[in-house]
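Architecture and fold: a report
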Amino acid sequence: MTPFVCPRCKSELEQTANAGLRCPHDGSIFHKVDGIWRFLLPEREETYARFIRDYETIRRSEGRGSADESYYRTLPFHAASDWKIRAASFNAFVKHLIIPIEKTGKPVRILDMGAGNGWLSNRLAARGHDVAAIDLTINDFDGLGCFRFYESTFMPVQAEFDHLPFPDRSVDIILFNASLHYSVDYEQTLRESLRTLGVEGKLVVLDSPVYRDAGSGSSMVREREEQFTKRYGFPSNQLHSENYLTHSRLQELAGKLSLEWKFITPFYSIKWKLRPLFARLFHQREPARFHIIVGKGSTL
C-alpha cells in the first residue's frame, strides 16, 4: 500500500523520531499502536466514543467473537445463519470481481471498509492481495485487534470513512463490507472513497440492506431501535446513520457522482428468495434485499 497522507488535509506525512507520522501543515502526529495504525482525528474521537461503546456492548451480547483463535480463520464459513449469508456474498464477490482481476496477473490494492474482525481482509490477503482493513473498533474480539489471529498479513487502520489516510488514486478496489449503511452521509463518504480510487478501480458495496420503498427501510430502523432499547437500554443511534439504501437513493448518488451501478445478487436459499413474496401475502413490511453493488464511472 502507498504511503499515508494526513486524513484531514491529505498532505504527505513525515516520519518522526519516535516512529510516528507527522502532518507538515498542522503538526498532527499519528502512531501505530499494538500493530494498528491510528488515524482517527483527535477532534472526532469524542464523536465516535459513545457509538463504539454501544456497538461493542451489542456485539458482545450477540456472542460475537471467540476464545478460540481458529474461529476467526474459518470465517465466513461458519454454521451461524448470518455467516451463511456473508459466505454466499463473499463467494459471489470473489467469482465475479476478484478472479477476473487475478487472471490479468495485476496486483490488487484493496481497502476493506468496515472490516470488523478482519475476516475479509484475511481472505483477500491470503490470495496475495495488498489489503488495508479500515474500521473504528480496535478491540480483540470483534475489531481490528483480531488481525493477530490470522496467518496472512494485512494492514489494520483505525480511521473513519470520510477522512481516509490514503493518497489520491492509490487503490484498485474500495469495498464497503456490510458497512456503507453506517455512513451518515452517503455522498460525502463515497466522494472520499472515489478520491482514493484508481482510474480503472471499482467501488463495491457488499451486504448493505436495500429496499424499494424508503418507508420499509424507515420501519426497519424503528423496529431495530425499539428492540435495542428494550434489550440494552439504548437505541444505538448515536451516529444518525442513513441505515439503508433504496434504488432511488442509489440512482441519485449515481447522478451526483457520475457513477453507473451494476447489481450482482447471490443465491442465498429458496426460503430467502421467497421472502418478498411471503411478505406481500401476509401484509408484512418489505424485507431487505442484499446485493453486491459495483460502481464504476467517468470519475473512476
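The preceding data block contains the structure.
Before going into details, it helps to say that this report is about the structure given with it. What you see is a predicted model; the values in this text were computed from it and never measured.

About the cut-offs
Residues numbered from 1 in each chain as written. Predicted model: local features only at pLDDT ≥ 70, side-chain atom pairs only at ≥ 80, totals over all residues. Heavy atoms only, no water. Pairing = 2+ DSSP bridges. Helix = DSSP H or I, 4+ residues; strand = E, 2+ residues; numbered from the N terminus. Salt bridge = Lys/Arg side-chain N within 4 Å of Asp/Glu carboxyl O. Buried < 20%, exposed > 50% of the residue type's maximum accessible area, 1.4 Å probe, protein only. Axes fitted to C-alpha atoms, helices over the stretch in contact; angles between N-to-C directions. Left-handed = near helix turned anticlockwise from the far one by under 90°. Contact = heavy atoms within 4.5 Å. Nonpolar A, V, L, I, M, F, W, Y, C, P; charged D, E, K, R; others polar.

1. Comments concerning the sheet that holds strand 1 (residues 14–15)
Taken in spatial order, the three strands line up as 1-2-3 in an open sheet, and their pairing is antiparallel. The sheet is open, and its two edges are formed by strand 1 and strand 3 (29–30), each paired on a single side. Note: strand 1 against strand 2 (residues 21–22), two bridges, orientation antiparallel. Opposite Glu14, over in strand 2, you have Arg22 as the bridge partner.

2. Regarding the pattern of salt bridges
The full count for this structure, using the stated rule, is 22 salt bridges. For the salt bridge of Glu187 with Lys256, the shortest nitrogen-to-oxygen distance reads 3.4 Å. Residue Glu187 is found in helix 5 (residues 186–196), and its partner Lys256 is found in helix 7 (residues 247–257); the two are separated by 69 residues along the sequence. Classification of Lys256 as partly exposed rests on a relative accessible area of 41%. Where Arg249 meets Glu242, a salt bridge forms, and the shortest distance between an N and an O atom there is 2.9 Å. On the accessibility criterion, Arg249 (18% relative accessible area) is buried. Judged by relative accessible area, Glu242 falls into the partly exposed class, the value being 22%. Here the salt bridges share partners, and the residues they tie into one network are Glu187, Arg191, Glu242, Arg249, Glu252 and Lys256.

3. Quick look at the packing of helix 3 (residues 81–102) against helix 4 (residues 119–126)
Between two packed helices, the angle of one axis relative to the other and the distance separating the axes together describe the packing. Packing of helix 3 against helix 4 leaves a shortest axis separation of 12 Å and a crossing angle of 35°. Where helix 3 crosses over helix 4, the two elements pack in a sense that is right-handed. Contacts between helix 3 and helix 4 involve Trp83, Arg86, Phe90, Phe93 and Ile98 on the former and, on the latter, Trp119, Leu120, Arg123 and Leu124. Of the residues belonging to the contact of helix 3 with helix 4, the class tally is seven nonpolar, no polar and two charged.

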